[in-house]
Amino acid sequence: MEWSMQHLISATQFTNINDLYELFNEAELLRCLHASDQSIDFLNGKIVATAFYERSTRTRLSFEAAAHLMGAKVISETSESSSVGKGERIEDSIRTISQYAKLVVMRHPSIESVQSAANFSYCPVINGGNGNGEHPTQALLDLYTVWHQRTDFEKGFNIMFCGDLANGRPIHSWMHFIRQLLADKVTVYLAPATGLKLPVNLRTGVNIVDMSEKDIIHFLPTMDVVYMTRIQKERMGGHRGADPNPLYFDYFKMRPSHMVLMKNNGMVLHPLPRNEEIHSDCDTDHRALYHTVQVTNGLYARMAMLRRLLNGQLFAHSSKGNNLEKCSAMTVVG
Ligand code: NCD
C-alpha cells in the first residue's frame, strides 16, 4: 500500500475551507475545458471501479461518466453481480477490486463498510454512501452548487433541511462540513418528518433553528437554500433509524405556492430520487435546481474529486485528511 494514499470516507476529513475552494475551482476549470472542447484526458490509461452494493442512479453513473470523460476506463459491480452474494466479506472483495483499479467508489448499506473496505484497499476508496451514515461526495457537489450560484458564498447563508433527517446521509455530511468549515457563516433550519429527526451528535457546534410545520412557511422567505429529501422507507423496519410508523409520512411537501415565497435568488436542492416531497409543478420554477444545475455540477465536482484524490491533493490543507482512523460518521446515534 502506498504510504501517501488518501481515501474520501467522511466530511470530517475536511478541516480547512481552502480544500473546498480548490476543489470548486478545479471543477470550474474542468467545466471550461470541457465546454471549449479542450482535452480533459487526465485519467488516461487508468481504471476506475464502482462497487455499489445498494441501489444508485446518479452517484454511480456520474462517477462513471466523470471517469470516462477524463479518459479512464470503468469497471463496475453491483450486489446482483458480486461474490458478496456468495458470502464473501467486503474486505476480501476490496482486496481484489483494488488491484484491478486505481480508485474504487463504493456504496454499501452498512455504516462501517466503507471504512473497513478502505482499511484493506490497495488503492484510494471514495464513499458513495454508507448506510444511513454519510454521503460526502453528494454534500460536496451540493456545496459546490451553492458556491457556484452565489457570489457572496463566503458571507454565509441560511439553509433549511426538510424530510428524513434521521437517514438522509447527504445531510449528515452537510452537518460535518458546516460544523468544521462554515459554523460562523451558516444557520441551519430543521424541518424533519415526524419522528425522523437529525441524530443528536450531528447538532453539536452548528447554529440550529428547530421549526414546527407552521414555522416553515414563516421562514421560507429568508432561506437561501431549501434542501429537500425523501423518506427512506427502505431503511425502516428493523434497520437502524426508524420503525415503520405512519407518522413518518407526515412531513413538509413543497408546492408552487411555497416556492413563490422564496427569495428570487433562493434555490431548492434535492439529492434525488424525489418521491412526494416536491410537487412536479415546482420543476419549472427557476429556483428548482435539482434536475438541472445540481446534476451538471455533480459531474464536474466528481471529476475534480477523482482527479484531486488520485493526485493526493484532495486534503492538501486539511491535517486530518490523511490517515483517517475512525470517522465520527461511524457512530451516528438517534
Ligand atoms: C441519496 C442517497 O443515496 O443517499 N441519493 C443520491 O445519492 N443521489 C439520497 C436518497 O437516496 O434519498
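Please read all numbers here as calculations on a predicted model, not as lab measurements.

S.K.: What is the right way to read the pattern of salt bridges from this model?
M.R.: For side chains of opposite charge, pairing can occur when their charged atoms come near one another. Overall, the coordinates contain 16 salt bridges when judged by the stated rule. The partner of Arg 308 in a salt bridge is Glu 26, and the shortest N-O contact between them spans 3.0 Å. Residue Arg 308 is located in helix 9 (residues 293-310), and its partner Glu 26 is located in helix 1 (residues 17-35); the two are separated by 282 residues in the primary sequence. Residue Arg 308 shares its accessibility class with Glu 26, and that shared class is buried. A salt bridge links Asp 210 to Arg 203, with the nearest nitrogen and oxygen atoms 2.7 Å apart. Asp 210 gets classed as partly exposed once you look at its relative accessible area, which sits at 46%.

S.K.: How should the pairing of strand 8 (residues 225-228) be read in this particular structure?
M.R.: Look at any regular strand and the pattern is simple: side chains alternate between the two faces of the sheet. Burial of strand 8 is two-sided: the residues Val 225 and Tyr 227 facing one way and the residues Val 226 and Met 228 facing the other way are all buried. With three bridges connecting them, strand 8 and strand 9 (residues 267-269) associate as parallel partners. Note that in strand 9 the partner of Val 225 across the bridge is Met 267.

S.K.: Any chance you could explain the pairing of strand 3 (residues 103-108) here in plain terms?
M.R.: Within strand 3, six of the six residues are buried, which leaves the element mostly enclosed by the surrounding structure. Across the two faces of strand 3 the burial is the same, with Leu 103, Val 105 and Arg 107 and Val 104, Met 106 and His 108 all buried. Relative to strand 3, strand 1 (residues 47-52) runs parallel, the two sharing five bridges. Note on strand 3: the bridge partner recorded for Ala 51 is Met 106. When strand 3 meets strand 4 (residues 125-130), the two strands line up parallel, connected through four bridges. Residue pairing across strands places His 108 opposite Asn 130, the latter belonging to strand 4. As a crossover connection, the stretch from strand 3 through helix 4 (residues 113-120) into strand 4 is right-handed.

Conventions we followed
- Residues numbered from 1 in each chain as written.
- Predicted model: local features only at pLDDT ≥ 70, side-chain atom pairs only at ≥ 80, totals over all residues.
- Heavy atoms only, no water.
- Salt bridge = Lys/Arg side-chain N within 4 Å of Asp/Glu carboxyl O.
- Helix = DSSP H or I, 4+ residues; strand = E, 2+ residues; numbered from the N terminus.
- Buried < 20%, exposed > 50% of the residue type's maximum accessible area, 1.4 Å probe, protein only.
- Pairing = 2+ DSSP bridges.
- Right-handed = clockwise from strand over helix to strand, strands pointing away.

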